[in-house]
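Single-letter residue listing:
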Amino acid sequence: MESATQEPPTTPAPVHSEPVSHSSQAPIPKTGWLMERFAHWSIEQRVLAGFGLVFAGIVVISAISYRNTSVLLENSRLDTKSHELVQLLGSVEEALGAAESGHRRYLVTGDESYLKSYQATVEQMPEYLRYLRGLTKEGAEQQDRVEALERLITSQLKAEAEAIVQRKKRGYEGVRHLALAGAAKNEIEGIHRLMTELDTAEQRVLHARVEESAGSTKNTIALLGLGAFLQLVLLASVYILIHHDIAERRRVAAELQSRGELLQAANKELEAFSYSVSHDLRAPLRHIDGYAALLSKAAGETLNDKARRYLQTISSSAKQMGQLIDDLLVFSRMGRQDMLRTTVNLDQLVKTVLHDLRLDLQGRTISWTIHPLPNVSGDPAMLRQVFVNLISNALKFTATRLEAKIEIGAGPRNSGETEVFVRDNGVGFDMQYVNKLFGVFQRLHRNDEFEGTGIGLANVRRIIHRHGGRTWAEGAPDQGATFHFSLPLARSLR
Amino acid sequence: MTTVKPILLAEDNPRDAELALAAMEEHHIADKVVVCHDGAEVLDYLYCRGIFASRQQGNPVVVFLDLKMPKVDGLEVLRAIKNDANLKPIPVVMLTSSREERDLAQSYALGANAYVVKPVEFQQFIAAVKELGVFWGVINEPPPEGSKPNA
């Protein structure tokens, strides 16, 4: 969490752009500080935080509900035990009562059939007592009572057994006083009191537990309700987010489409424009040059040197403009022409370019160094234009050298691209202006130094960019220049 | 009297026409040139109608055709010529400012015999027009008059 304050989120929130430098100012109250930290979070982080909170809430609620339910289950188990205990107490009391009345009847009548119920109680009692101990082993108080009860019961049964023995030995007269009051009057009273105590205590515990269970159930229901609500909130937010995302995507797609259509329309317009330039702009230029030539022919002899020079200037300006228009048309065509994709043998390509330029090489002393070049994937005509422009440039800017040195080669292949360079020992350029080199109509030399329209390198860059490559250059004034371009390697050529 | 077959030059721009004529003059073939100023006039000439109703019969030795012309443009004239069995044999040279690929492709598809882009430089223009005039007007043997394929 601390790192969140140190580093700004990777995608800054575009909407809530509150001032960032708050933390360096006077202390802000804690809530303000929290709000500020929240404001720094990106949308994704906020959504994640919200989901995290809701999720944590649901987990806590589930845990509490689970605990409550366990308590309820435990209570219900204890309740069953309590009910059993109460029932058992009843059975014990009944059995003891049966034993008591049975032995007294025997004492009075001497009829041994009355001893059956007494005998049954004696036989059942250990079982009852074990059962009783089992049911009360979780409560110390009740256990004590059960122990006391056990002692009393044992003593009652013992007293009754002794009375029965006396009756058998000495007859009715021997046990007359016992037969009237019962053999264990004191014990029976104690037993009764203890039983009542046991019963009351158990009822009290039972009642408390029922209260607790009811509260716990209410709690659980409320919590489950809250959990359901949170889950609804979660679902609703997910729905809203997804809905928002889809709407956004639809909007972007629609916008892209409309922009694509606009672009297509603009391209069509540009095509019409360049067609018009190609056709209509050249006609007046042709006329200027033509009529200047006709004038010079018709009146050349009568004109003085100055006038003839003027005519020549008119003519050469028209030619220059014609060249500009032609270059610009090539530039525009390179941008919209469909591209071929074939394997181009650059060695062969450079050879044909040099052959085509041979007229420009006449009377020049040039030392060529041409290294083996790779095969690349691209449009042969366009790549040819690249070499024509780069080699023409090298020739042009080495014109002042006694021996021009031009080197063409390939750089090392790395990270999926091929690099090619053309190096010369010409007039070079100042690296300060390197950014202007590849711009349209950007020139680093005056026209009376080196002719040119300033489109050649722009064309090189455009073609290389359309191939997915890069162009760059290095040089120094009077130290020559090196022009590089890179082309991505086609997978089949790798 | 030898009937010299004329060269038909379709050019809507009078300056271009004058320059072309000046170029042809250099080689003394200008007097053989008939100039039409739009596509409709070219068709009138070829079908001997309108202002050309009373001209001497016969096809020109070659037609130099500008692409962009008022009324009927160069490509339509070309289509008309190549769709008429009688006119089809006339060599048609497109002489235009346009270097657009589309124009080149359409012209050849319609049956143009050559396609020449007018150079801006007058010396080159003269050279081009001269060569064209000499080649098509003098060197090239035109199809025999009224020739029709037997098939």
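Just so it is clear, the model here is predicted, and its values are computed rather than measured.

Novice: Break down the overall build of chain A for me, citing the residues and quoting the values.
Specialist: The helix and strand tally for chain A stands at 12 helices and 7 strands. Within the span of chain A, comprising 494 residues, buried residues form 36% of the whole. Taking the intrachain contacts of chain A between residues at least 6 apart in sequence as the baseline, contacts between residues at least 24 apart amount to 75%. Total accessible area on chain A is roughly 29900 Å²; 58% of this is exposed by carbon and sulfur atoms.

Novice: Can you break down the overall build of chain B residue by residue, with the values?
Specialist: Per the secondary structure count, chain B includes 5 helices and 5 strands. Starting at the N terminus and walking to the C terminus, you meet the elements of chain B as β-α-β-α-β-α-β-α-β-α. The buried share among the 151 residues of chain B stands at 52%. Partitioning the contacts of chain B with sequence separation of at least 6, the portion at a separation of at least 24 is 66%.

Novice: Any details on the interface of chain B and chain A? Residues and values, ideally.
Specialist: If you look at the interface, chain B gives 25 residues, while chain A gives 22 residues. Interface area for chain B against chain A, summed over the two sides, is near 2100 Å², with a carbon-plus-sulfur share of 51%. Interface area lost by chain B to chain A is led by K68, E100 and V120 of chain B, which between them contribute 30%. When the shortest N-O distance is used, the salt bridge between E121 of chain B and K319 of chain A registers 3.9 Å. Across the chain B-chain A interface, the total number found is 6 residue pairs in polar contact (both at pLDDT 80 or more). Of all elements in the fold, only α1 (14–25), α4 (101–110) and α5 (122–139) of chain B reach the threshold of two or more residues within the side of chain B that touches chain A. The dominant element in the side of chain B that touches chain A, judged by the number of residues it contributes, is α1 of chain B, at 5 residues. Residue composition of the side of chain B that touches chain A, grouped by class: 8 nonpolar, 5 polar and 12 charged.

Novice: Describe the confidence of the model for chain A, with residues and values.
Specialist: Residue and element names in this part refer to chain A. With 91% of its residues at a pLDDT of at least 70, chain A reaches an overall mean of 82. Mean pLDDT in chain A bottoms out at helix α1 (residues 2–6), which sits at 42, and peaks at strand β4 (residues 404–410), which reaches 92. Segment residues 1–26: pLDDT under 50, and 24 contacts once partners within four positions in sequence are set aside and those in other chains are kept.

Novice: Lay out the packing of aromatic side chains in plain terms, naming residues and giving numbers.
Specialist: All names here are of chain A. Tallied over the entire structure, the rule returns 7 aromatic pairs over all chains. Between F387 and F485 the ring centres are 5.7 Å apart and the planes differ by 75°, which places this aromatic pair in the edge-to-face class. With F387 in helix α11 (residues 380–397) and F485 in strand β7 (residues 481–488), this residue pair connects regions lying 98 residues apart in the sequence. A residue is classified by how much of its surface remains accessible, and F485, at 1% relative accessible area, is buried.

Novice: Any details on the sheet that holds strand β2 (residues 33–36) of chain B? Residues and values, ideally.
Specialist: Where strands meet in a sheet, backbone hydrogen bonds hold them as pairs that are either parallel or antiparallel. Residues and elements named next belong to chain B. Reading across from one edge, β2-β1-β3-β4-β5 is the order of the 5 strands in this open sheet, with parallel pairing throughout. Every other strand in the sheet has two partners, leaving β2 and β5 (114–117) as the edge strands with one partner each. Averaged over all pairs of adjacent strands, the angle between their axes in this sheet comes to 20°, without regard to strand direction. By the bridge criterion, 4 bridges tie strand β1 (residues 7–10) to strand β3 (residues 62–65) in an arrangement that is parallel. Looking at β3, one finds that A10 is bridged to L65. Each of β1 and β2 is contacted by helix α2 (residues 39–46), which is oriented at about 135° to β2, the strand it contacts most.

Novice: Describe the environment of G182 of chain A, and please don't skip the residues or the numbers.
Specialist: Mapped onto the elements, G182 of chain A comes out in the loop between α6 (176–181) and α7 (185–299). Contacts of G182 of chain A, omitting those with residues within four sequence positions, involve E100, H103 and R104 of chain A.

Novice: An account of the pairing of β3 of chain B is requested, with residue identities and associated values reported.
Specialist: Residue and element names in this part refer to chain B. Burial along β3 is two-sided: V62 and F64 facing one way and V63 and L65 facing the other are all buried. Both β3 and strand β4 (residues 92–96) contribute to a ladder of 3 bridges, which runs parallel. Residue pairing for β4: L65 is matched across the bridge by M94.

Novice: Tell me about unusual backbone geometry, and name the residues and values.
Specialist: Residue and element names in this part refer to chain A. With a phi angle near 65°, D478 is a residue other than glycine that sits in the positive phi range. For D478, the position within the fold is in the loop between β6 (470–475) and β7. Residue D478 is classed as exposed on the basis of its relative accessible area of 52%.

Novice: Residues and numbers for the nonpolar core, please.
Specialist: All names here are of chain A. Ranked by internal contacts, the top residues of the largest apolar core, which has 39 residues, are L346, F387, L390, I391, L437, F483 and F485. Counting only elements with at least two residues in this core, the list comes to α9 (346–356), α11, β4, β5 (417–424), α12 (456–466) and β7. Looking at which element gives the most residues to this core, the answer is α11, with 9 residues. Residues in contact with F387, not counting those within four places in the same chain, are L346, L349, V350, V353, S392, I408, V420 and F485. Counting 32 residues, the second-largest nonpolar core is a separate cluster that includes L85, V92, A95 and Y128.

Novice: If you had to explain a nonpolar patch on the surface to someone new, which residues and values would you point to?
Specialist: A cluster of nonpolar residues, L226, F229 and V233 of chain A, forms a patch on the protein surface that exposes about 260 Å² of accessible area. Its location among the elements puts F229 of chain A in helix α7.

Novice: I'd like a rundown of the pattern of salt bridges, residues and numbers included.
Specialist: Oppositely charged side chains may form a pair once their charged atoms are brought near each other. If you walk through the whole model with that rule in mind, you get 24 salt bridges over all chains. The salt bridge partner of R251 of chain A is E248 of chain A, with a shortest N-O separation of 3.0 Å. With R251 of chain A and E248 of chain A both in helix α7 and 3 residues apart, this pair spans about one turn of that helix. One salt bridge in this structure joins R251 of chain A and E255 of chain A, with 3.0 Å as the shortest N-O distance. With R251 of chain A and E255 of chain A both in helix α7 and 4 residues apart, the pair spans about one turn of that helix. You can call E255 of chain A partly exposed: its relative accessible area is 32%. One network of salt bridges, in which partners are shared, links R286 of chain A together with E11, D16, D66 and K118 of chain B.

Novice: Provide a residue-level description of the side chain of S315 of chain A, including the pertinent values.
Specialist: Residues and elements named next belong to chain A. Looking at the element boundaries, S315 is found in helix α8 (residues 305–336). With relative accessibility at 12%, the residue S315 sits in the buried group. Those residues in contact with S315 that lie beyond four places of it in its chain are D289 and A292.

The rules behind the values
Just so you know, the residues in each chain are numbered from 1, in the order the chain's sequence is written. To label them, take the chains in the order written and letter them from A, then take the ligands in the order written and number them from 1. Two thresholds apply to this predicted model, a pLDDT of at least 70 for residue-level local features and 80 or more for giving and counting side-chain atom pairs, whereas whole-chain, interface and lining totals are computed over all residues. Remark: hydrogens and water are excluded; side-chain values derive from all non-hydrogen atoms of the structure. To qualify as a helix, a DSSP run of H or I must reach at least 4 residues; to qualify as a strand, a run of E must reach at least 2; elements of each kind are numbered from the N terminus. Burial status follows relative accessibility: with a 1.4 Å probe on protein chains alone, a residue under 20% of its type maximum counts as buried, one over 50% as exposed, and anything between as partly exposed. Pairs of residues are marked as contacts when any of their non-hydrogen atoms sit within 4.5 Å. Using the Shrake-Rupley algorithm and a 1.4 Å probe, accessible areas are obtained, with residue cover drawn only from the displayed protein chains. As used here, buried area is the combined drop in accessible area, with a 1.4 Å probe, of two parts when they are placed together. The rule for a salt bridge is simple: a side-chain nitrogen of Lys or Arg has to be within 4 Å of a carboxyl oxygen of Asp or Glu. For this analysis, a polar contact is any N or O atom pair within 3.5 Å, provided that within protein one partner can donate a hydrogen and the other can accept it, and provided that sequence-adjacent residues contribute only side-chain to side-chain pairs. By the convention adopted, Pro, Cys, Tyr, Trp, Phe, Met, Ile, Leu, Val and Ala count as nonpolar, Lys, Arg, Asp and Glu as charged, and the other residues, Gly among them, as polar. Here pLDDT means the predictor's own confidence in every residue, given as a number from 0 to 100. Geometry of aromatic contacts follows a simple scheme: Phe, Tyr and Trp rings, the Trp one being its six-membered ring, pair when their centres are within 6.5 Å, and the pair is stacked under 30 degrees between planes, edge-to-face over 60, tilted otherwise. For two strands to be treated as a pair, DSSP must find at least two bridges joining them. Only the stretch in contact is used when fitting a helix axis, every axis being a line fitted to C-alpha atoms; angles between N-to-C directions are given from 0 to 180 degrees. As used here, the term nonpolar core means buried Ala, Val, Leu, Ile, Met, Phe, Trp, Tyr and Cys residues forming a set that is joined through side-chain atoms within 4.5 Å. Two joining distances apply to patches: 9 Å for like charges and 5 Å for nonpolar side chains (Val, Leu, Ile, Met, Phe, Trp, Tyr), and every residue must have over 30% relative accessible area and no salt bridge.

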